[in-house]
Amino acid sequence: MANKSRAVRSDSVVVIGLGRFGGAVAESLIRLGHEVLGIDGNYEKVQEFSGLLTHVVQADTTNIETLRELGVTEFKRAVVGIGHNMEASVLTVLALEELGIPEIWAKAMTKNHGRILERTGAHHVIFPEAAMGERVAHLATGRMIDFIELEDGYAIAKTRTPEKFHGQTIAQAELRSR
Ligand code: ATP
């Protein structure tokens with residue numbers, strides 16, 4: 001159980017819903033050196049992740065008082081990986097917003113789910129399956145070596161340099177004006 005009075009590092013993250021998505025996020029954060037408080041309502045999930053994350057707690061995250069008790073207010077970042085249970089996803093984001101968490105990331109299953117999450121207080125809404133599908137389409141057509149879509153219509157794409165640009169600087173290649 002997370003201790004309310006324990007000092008939480010400023011780069012710590014609370015990950016709610018340790019399914020395939022939330023679990024992968026939590027484990028990656030640990031590998032990157034962050035402290036992670038994982039919360040899931042399912043006992044088996046809590047067992048699976050105990051020992052892998054800094055703290056793992058079994059709780060229903062739709063209850064704001066439970067989140068307060070767990071010391072979630074001390075975290076600057078929260079990731080909500082609840083997906084199929086849309087009611088639980090929305091209520092959890094709402095509770096985090098009401099607790100004043102500055103950065104809330106939430107997974108959405110559909111566009112409408114995403115719109116509701118944005119209105120409810122999520123600062124970043126992720127569509128993991130749609131994003132991965134687009135990425136694979138770019139990679140499978142062979143034009144891109146890597147493709148990561150960012151928010152607001154921006155993307156990072158890694159592609160091979162056309163031969164005519166070999167040996168030139170970016171300025172010499174005049175990529176922007178072309
Ligand atoms: P994934 O595809 O990432 O495995 P999913 O989209 O199927 O997940 P869900 O099954 O809805 O999403 O939830 C993911 C996790 O969130 C599950 O481990 C589930 O136990 C947990 N969860 C769902 N509702 C709550 C809740 N109210 N409180 C805490 N955890 C919850």
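Read on for an overview of the structure. Since the structure is predicted, the reported quantities are computational estimates derived from the model, not experimental observations.

Ranked by size, the top nonpolar core spans 26 residues in total, and within it Val14, Ile39, Leu67, Val72, Leu96 and Leu117 carry the most contacts. Looking at this core, the elements that each hand over two or more residues are β1 (13-16), β2 (36-40), β4 (77-80), α4 (86-98) and β5 (103-107). Residue contributions to this core peak at five residues, all from α4. If we ignore the near neighbours within four places in the chain, the residues touching Val14 are Leu37, Ile39, Val72, Phe75, Arg77, Ala78 and Val79. One finds Val13, Leu18, Val56 and Val79 within the second-largest nonpolar core, a separate group that totals twelve residues.

Time to look at the packing of α4 against helix α5 (residues 111-120). Between α4 and α5, the shortest axis-to-axis distance is 9 Å and the interhelical angle comes to 20°. Put simply, α4 runs roughly parallel to α5. For the crossing formed where α4 meets α5, the hand is right-handed. Along its contact with α4, which presents Met86, Ser89, Val90, Val93, Leu94 and Glu97, the element α5 presents His113, Ile116, Leu117 and Thr120. Its residues assigned to classes, the contact of α4 with α5 comprises six nonpolar, three polar and one charged.

What surrounds the ligand is a group of 21 residues, the closest being Arg20, Phe21, Asp40, His84 and Lys107. A distance of 3.1 Å separates an oxygen atom of the ligand from a polar atom in the backbone of Asn85. Side-chain polar atom of Lys107 to an oxygen atom of the ligand: 2.7 Å apart, as the coordinates give it. Protein chains bury 81% of the 630 Å² of accessible surface belonging to the ligand in isolation. A majority-of-atoms criterion places the ligand in the second largest pocket. Its residues placed into classes, the shell around the ligand shows six nonpolar, ten polar and five charged.

A word on the pattern of salt bridges. Applying the stated criterion to the full structure yields four salt bridges. As a salt-bridge pair, Glu48 and Lys45 come within 3.3 Å of each other at their nearest N and O atoms. One end of the pair, Glu48, and the other, Lys45, are both in helix α2 (residues 43-49), three residues apart, so they sit about a helical turn from each other. Between Glu65 and Arg68 there is a salt bridge, and its shortest N-O distance comes to 3.3 Å. A residue pair is termed a helical-turn pair when its members lie 3 or 4 positions apart in one helix, as Glu65 and Arg68 do in helix α3 (residues 64-69) at three residues. Relative accessible area serves as the criterion here: at 43%, Glu65 is assigned to the partly exposed category. The exposure class assigned to Arg68 is partly exposed, which follows from its relative accessible area of 39%.

Parameters at a glance
- Residues numbered from 1 in each chain as written.
- Predicted model: local features only at pLDDT ≥ 70, side-chain atom pairs only at ≥ 80, totals over all residues.
- Heavy atoms only, no water.
- Core = buried A, V, L, I, M, F, W, Y, C linked by side-chain atoms within 4.5 Å.
- Buried < 20%, exposed > 50% of the residue type's maximum accessible area, 1.4 Å probe, protein only.
- Helix = DSSP H or I, 4+ residues; strand = E, 2+ residues; numbered from the N terminus.
- Contact = heavy atoms within 4.5 Å.
- Axes fitted to C-alpha atoms, helices over the stretch in contact; angles between N-to-C directions.
- Parallel < 35°, antiparallel > 145°, perpendicular 65-115°, else oblique.
- Left-handed = near helix turned anticlockwise from the far one by under 90°.
- Nonpolar A, V, L, I, M, F, W, Y, C, P; charged D, E, K, R; others polar.
- Near = heavy atom within 4 Å.
- Polar contact = N/O pair within 3.5 Å; in protein donor to acceptor, adjacent residues only side chain to side chain.
- Areas by Shrake-Rupley, 256 points an atom, 1.4 Å probe, with all protein chains shown as cover.
- 1 Å grid on protein atoms, 1.4 Å probe; cavity = no way out; pocket = protein on both sides within 12 Å on 5 of 7 lines; lining within 4 Å.
- Sits in = over half its atoms within 2 Å of the grid points.
- Salt bridge = Lys/Arg side-chain N within 4 Å of Asp/Glu carboxyl O.

Scope: geometric values only; no functional claims are made or implied.
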